[in-house]
Amino acid sequence: MKKIIVACGGAVATSTVAADAIKELCEKNGISAEVIQMRIIEIENNLDGIDLVVTTMKIVPNFDIPYVNGMPFLTGINKEETEKRILSYIKD
Amino acid sequence: MLKEEFFNEKIICLDVEANNNEEVMKKLGQMLIKNKYIDASYVQSVILREKSFPTGLALANTGIAIPHATPENNVFKNGMAAVRLKTPVQFNSMEDPEKKIDANLVFMLALSEVGEHLGILKRLFTMFQNEELVKKLQKSNDKETFFKVLANSLMDK
């Protein structure tokens, strides 16, 4: 089981959309994954056992876990490329 | 099912003139307050939140913004107000707060519990990704047409 954090700035609205798209992506590719939604400020203290971090706001990662900018799930621009990158991190 | 309450012509205003994004958010807030969706304190938190977590989005051909905040017992019913601006107003980008986006469509979301509205949010972003529909919103001659384009996109299919 892969664990993915999906985070946005504050109100957990945009991360809901990105999280849902990532869940669908995992299902489509037969990857069992747990998607955990939170605010960007909470990421730091919740990195135990996490395989991938996705945010809808650009951050400068201060951690060693793979990180992907999830904005394309909102705007549609570069969506395929982003999906491929996500899969490359969580595929066994 | 999309409730008419969530989105209707009372909370749409076309060809608004505004000097900055705060004025746009106030205008959106006024419509939501007047129609009893929110308390004035929600608008204050939206304006404040926009400073640290901006909501401008660069779509393929245009810029939009979706100001919103975390509700604190100040959202009475869920709704989305929309304005189309006569001339675009700058919002900072959600993706990169240092970047500016010229937005001409601005939607203020008031959601008491986001989880339950995934369906609507998903359809909203699907619409933003559809250049044709965004163009239609920009070219609608009146509120009724604008409303119909949005309603068709947000309604359960």
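Residues numbered from 1 in each chain as written. Chains lettered and ligands numbered in written order. Predicted model: local features only at pLDDT ≥ 70, side-chain atom pairs only at ≥ 80, totals over all residues. Heavy atoms only, no water.

Identification of chain B as PTS system IIA component (Gat family) from Pectinatus cerevisiiphilus is taken from an unreviewed UniProt entry.

Going by an unreviewed UniProt entry, chain A carries the name PTS system galactitol-specific EIIB component (Gat family) and comes from Pectinatus cerevisiiphilus.

**As for the packing of helix α1 (residues 14-28) of chain A against helix α3 (residues 118-128) of chain B**
Between α1 of chain A and α3 of chain B, the shortest axis-to-axis distance is 9 Å and the interhelical angle comes to 85°. With respect to α3 of chain B, the element α1 of chain A is oriented roughly perpendicular. Every residue of α3 of chain B that contacts α1 of chain A at T14, T16, V17, D20 and E24 of chain A is listed here: L118, L121, K122 and F125 of chain B. The residue makeup of the contact of α1 of chain A with α3 of chain B, split by class, is four nonpolar, two polar and three charged. (Axes fitted to C-alpha atoms, helices over the stretch in contact; angles between N-to-C directions. Helix = DSSP H or I, 4+ residues; strand = E, 2+ residues; numbered from the N terminus. Parallel < 35°, antiparallel > 145°, perpendicular 65-115°, else oblique. Contact = heavy atoms within 4.5 Å. Nonpolar A, V, L, I, M, F, W, Y, C, P; charged D, E, K, R; others polar.)

**Focus on unusual backbone geometry**
Although it is not a glycine, N78 of chain A sits at a positive phi angle of roughly 65°. Relative accessible area serves as the criterion here: at 47%, N78 of chain A is assigned to the partly exposed category. Positive phi is not limited to glycine here, since K36 of chain B has a value of about 60°. (Buried < 20%, exposed > 50% of the residue type's maximum accessible area, 1.4 Å probe, protein only.)

**Brief notes about the confidence of the model for chain A**
Averaged over all residues, the pLDDT of chain A equals 94, while 99% of them reach at least 70. When mean pLDDT is taken per element in chain A, strand β3 (residues 52-55) of chain A scores highest with 97 and helix α2 (residues 72-75) of chain A scores lowest with 94. (pLDDT = per-residue confidence, 0-100.)

**What about the sheet that holds strand β5 (residues 100-110) of chain B?**
Sheet strands pair by backbone hydrogen bonding; their relative direction is either parallel or antiparallel. All names here are of chain B. Ordered in space as β1-β4-β5-β3-β2, the five strands form an open sheet in which the pairing is mixed. In the strand order of this sheet, the two ends are held by β1 (12-16) and β2 (56-58), each with one partner. Mean inter-strand twist for the sheet, computed between neighbouring axes without regard to direction, equals 20°. Where helix α4 (residues 131-139) meets the sheet, it contacts β4 (79-92) and β5, and its direction lies at approximately 90° from that of β5. (Pairing = 2+ DSSP bridges.)

**So, the state of the cysteines**
Residue and element names in this part refer to chain A. Counted according to the given criterion, the structure contains zero disulfides over all chains. Cysteine C26 is unpaired, with the sulfur of C8 as its nearest cysteine sulfur at 18 Å. Taking relative accessible area as the criterion, C26 reaches 2% and is therefore assigned buried. (Disulfide = S-S within 2.5 Å.)

**Concerning the pattern of salt bridges**
Scanning all chains against the criterion turns up eight salt bridges over all chains. Residues D96 of chain B and K58 of chain A are paired through a salt bridge, measuring 3.6 Å at the closest nitrogen-oxygen approach. Here D96 of chain B is found in the loop between β4 and β5, whereas its partner K58 of chain A is found in the loop between β3 and β4 (67-69) on a different chain. With relative accessibility at 16%, the residue D96 of chain B sits in the buried group. A relative accessible area of 42% means that K58 of chain A is categorised as partly exposed. A network of salt bridges, in which partner residues are shared, links D20 and E24 of chain A together with K122 of chain B. (Salt bridge = Lys/Arg side-chain N within 4 Å of Asp/Glu carboxyl O.)

**Some points on the pairing of β1 of chain B**
Residue and element names in this part refer to chain B. Here β1 lies mainly inside the structure; four of its five residues are buried. Sheet topology places β1 next to β4; three bridges connect them, and they run parallel. Residue pairing in the sheet places C13 in a bridge with V83 of β4.

**Points about the packing of aromatic side chains**
Residue and element names in this part refer to chain B. Taken as a whole, this structure holds three aromatic pairs over all chains when the rule is applied. Ring plane angle 45° and centroid distance 5.4 Å describe the contact between F107 and F128, whose orientation is recorded as tilted. On the criterion of sequence distance, the pair formed by F107 in strand β5 and F128 in helix α3 is long-range, its members being 21 residues apart. With respect to class, F107 is no different from F128; both count as buried. Ring centres of F125 and F128 lie 5.5 Å apart, and the angle between their planes is 90°; this geometry places the pair in the edge-to-face category. Pair noted here: F125 and F128 are both in helix α3, with a separation of three residues, about one helical turn. Like F128, F125 is buried. Aromatic rings pair up to connect F107, F125 and F128 into one cluster. Here K77 stacks its cationic end above the ring of Y37, 4.6 Å away from the centre of that ring. (Phe/Tyr/Trp six-rings, centres within 6.5 Å; stacked < 30°, edge-to-face > 60°. Lys NZ or Arg CZ within 6 Å of the ring centre and 35° of its normal.)

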